[in-house]
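# Descriptive analysis of the structure
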Amino acid sequence: MAEKNSEQWWRSAAIYQVYIRSFADGNGDGIGDLDGVRAQLPYLAELGVDAIWFNPWYPSPMADGGYDVADYRDINAAFGTLAEAEKLIADAHGYGLRIIIDIVPNHCSDEHRWFRAALAAGPGSPERARFWFRPGRGGDGELPPNDWTSIFGGPAWTRTTDEDGTPGEWYLHLFAPQQPDFNWDHPEVRQEFEAVLRFWFDRGVDGVRIDSAALLTKDPELAEPAPSAFTDRDDVHAIYRSWRRIADEYGSRALIGEVWMPDVERFTRYLRSDELHVAFNFDFLCCAWELDRLRAVIDATLASHAPVGAPATWVLSNHDVVRHVTRYGRANTAFGMADRRIGEPADLVLGEQRARAAALLSLALPGGVYVYQGDELGLAEVEDLPDELRQDPIFSRSGYTDKGRDGCRVPVPWSGIHPPFGFSPEQATAAPWLPQPQSWARRTAAGQDTDPNSMLTLYRQALRLRRAQPALLTLGLDWFDAGEGALAFRRGPDFACVINLGDTPLALPAGATLLLASGPLLDGQLPTETGAWLRLAPTRE
Ligand code: ISL
Ligand code: CA
């Protein structure tokens, strides 16, 4: 069992997401880097996670935080070098931490050599065939080829300028104009990404997170309406079948899809046994903090994964969403990507209490679990960033109506009582690329390290217990009745997780012993908005 588990490590791994730019700055330029990560490997090992997922670390003009990739086989100079990345992979392995990198196959940067060559080569050239170049509509080609809009807002097409300075063809970009979409009908695009996968697997990478995995293939005529013309098309699966053959060749390498898909049946197609190993489950992330809804989402998730035999994933926050301490402190605790509601009133004390219970919930559910950097410190969304410092293209492309995702990307506070809170070294030459709030003096890793009641201590204890409970890593879930307002389930015969989402304290099940609680018990009872892990008394048959 243990053997099988380590081969298929992704089935139950706790994965820590590192947004490199904001994690730890080794050289003091205000930008996180690989040196900074390497210095914090002992912290991550001590936290008790099994793997690290790095957001894109490639050379990039950073028009979209590195999701605009200029070279898939190198490292962003601001982060370090390829040799440093290799060293980091080896060091992480030395700590027993696996490495997952982000592959961005839907689009590249407008500074990628292929796109530059396409612009230079002109209309009708083989260089342009790797992307989606089209003449415009209207008398003079002044209208975009179709009316698709970008996921970041504004048109999904940008017009090029020919060498003689006259307006030329348009190219497709489902995201920012600096992110031209690849044409996945082109065999060279397919070969290129297969080679890129091998490049990183050869360097010891244990898995890849596949960005915007359902968007790669398009209606070849570009005629169908959005979004079905470019979302979840049947022919995208052939790509993942070929990637799976490569992953299998290397052995124990995981393919993890970023698939936002409301239709569960369509979603689980990506998880068929010859395709991806796992895909993110965003229903849980978006779900309101309410008993019935949470239970329904958990049930639906497990039911949809069961037929394909794929493990579920549980994510509370990532670099694209409002941090859950803030979400759970709002009157409406549900989340939608289209409406971040930055600045909506939030009770952060309540939000943190719920985030603590949610940590125990997510870490007790069957499958893989993700921790976004700062979750373990209880960081809330930074909602009051000055507009002129916001960098997310969503802010400008939405016409400044959507504040964007910068508020969950503020550099991590490590130590001390003033910014940069140890994010950068003492002799730093620049401030962190986004300013940290002074209130984070209470949120540093060093400050929480020895505090028995801190979020960091809770995560460490929970991750340690999780590792030590074989039932948590392998067995399924059985709901049981623990009283009014309780979300309660067993994993195996004697491990239970109980979350009190009701209005009154809950008595613990008879004979149960407390393993861990997200907050203090009151007269032996589990208070409202509190979660606990329990060892149940053996049942007499
Ligand atoms: O398609 C969507 C909604 O209809 C989006 O949710 C989209 O799938 C999602 O935003 C994709 O996110 C990923 O790719 C983006 C990047 O900005 C994000 O940070 C990344 O997580 C473009 O590469
Ligand atoms: Ca740096």
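Overview of the structure. Nothing here was measured: the structure is a model prediction, and the numbers come from that model.

Turning to the site of ligand 1, a few remarks are in order. Within the structure, ligand 1 sits among 17 residues, and Asp 64, His 107, Asp 211, His 319 and Asp 320 are positioned closest to it. Contacts to ligand 1 include His 107, whose side-chain N or O atom sits 2.9 Å from an oxygen atom. Within the side chain of Arg 209, one N or O atom sits 3.0 Å away from an oxygen atom of ligand 1. For ligand 1, whose unbound accessible area comes to 510 Å², protein coverage reaches 84%. Taken together, the residues of the shell around ligand 1 break down into six nonpolar, four polar and seven charged.

What follows deals with the sheet that holds strand 6 (residues 167-172). Read across the open sheet, the three strands follow the order 4-6-5; overall the sheet is antiparallel. Edge strands, defined here as strands with exactly one partner in the open sheet, are strand 4 (133-134) and strand 5 (157-161). In terms of strand pairing, strand 4 meets strand 6 through two bridges, oriented antiparallel. For Phe 133, the partnering residue across the bridge sits in strand 6 and is Tyr 171.

On to the packing of helix 6 (residues 187-202) against helix 7 (residues 236-250). Relative to each other, helix 6 and helix 7 sit at 25°, their axes nearing to 11 Å. Relative to helix 7, the element helix 6 is oriented roughly parallel. Judged by the twist between their axes, the crossing of helix 6 over helix 7 is right-handed. Within the contact between the two elements, helix 6 uses Arg 190, Phe 193, Glu 194, Leu 197, Arg 198, Phe 201 and Asp 202 and helix 7 uses Ala 238, Ile 239, Ser 242, Trp 243, Ile 246, Ala 247, Glu 249 and Tyr 250.

For the calcium ion (ligand 2), the protein coordination sphere consists of Asp 25 (OD), Asn 27 (OD1), Asp 29 (OD), Ile 31 (O) and Asp 33 (OD), at 2.3 to 2.4 Å. Each donor residue of the calcium ion (ligand 2) lies on one chain, and together they are spaced D-x1-N-x1-D-x1-I-x1-D.

To describe a pair of aromatic rings, one takes the distance between the centres and the angle between the planes. Taken as a whole and assessed by the stated rule, the structure comprises 36 aromatic pairs. Between the aromatic rings of Tyr 72 and Phe 182, the centroid separation amounts to 6.4 Å while the plane-to-plane angle is 45°, which identifies the pairing as tilted. Pair noted here: Tyr 72 is in the loop between strand 2 (51-54) and helix 4 (82-94) and Phe 182 is in the loop between strand 6 and helix 6, with a separation of 110 residues, a long-range link. Judged by relative accessible area, which is 2%, Tyr 72 ranks as buried. Plain terms: the ring middles of Phe 395 and Tyr 400 are 4.9 Å apart, the flat faces sit at 85° to each other, and that makes the pair edge-to-face. The exposed category is assigned to Tyr 400, whose relative accessible area is 55%.

Turning our attention to the pattern of salt bridges. With the rule as written, the count across this model stands at 39 salt bridges. With a closest N to O distance of 2.9 Å, Glu 188 and Arg 130 form a salt bridge. With Glu 188 in helix 6 and Arg 130 in the loop between helix 5 (113-121) and strand 4, the pair connects residues that are 58 residues apart, well separated along the chain. Of the charged contacts in the structure, one is a salt bridge between Asp 449 and Arg 460, with a shortest N-O distance of 2.8 Å. Here Asp 449 is found in helix 14 (residues 445-449), whereas its partner Arg 460 is found in helix 15 (residues 455-468), with 11 residues between them in sequence. Through salt bridges with shared partners, one network takes in Asp 64, Asp 320, Asp 392, Arg 405 and Arg 409.

What counts, and at which threshold
Residues numbered from 1 in each chain as written. Chains lettered and ligands numbered in written order. Predicted model: local features only at pLDDT ≥ 70, side-chain atom pairs only at ≥ 80, totals over all residues. Heavy atoms only, no water. Near = heavy atom within 4 Å. Polar contact = N/O pair within 3.5 Å; in protein donor to acceptor, adjacent residues only side chain to side chain. Areas by Shrake-Rupley, 256 points an atom, 1.4 Å probe, with all protein chains shown as cover. Nonpolar A, V, L, I, M, F, W, Y, C, P; charged D, E, K, R; others polar. Pairing = 2+ DSSP bridges. Helix = DSSP H or I, 4+ residues; strand = E, 2+ residues; numbered from the N terminus. Axes fitted to C-alpha atoms, helices over the stretch in contact; angles between N-to-C directions. Parallel < 35°, antiparallel > 145°, perpendicular 65-115°, else oblique. Left-handed = near helix turned anticlockwise from the far one by under 90°. Contact = heavy atoms within 4.5 Å. Donors = N, O, S within 2.8 Å, 3.2 Å for Na, K, Ca; no water. Phe/Tyr/Trp six-rings, centres within 6.5 Å; stacked < 30°, edge-to-face > 60°. Buried < 20%, exposed > 50% of the residue type's maximum accessible area, 1.4 Å probe, protein only. Salt bridge = Lys/Arg side-chain N within 4 Å of Asp/Glu carboxyl O.

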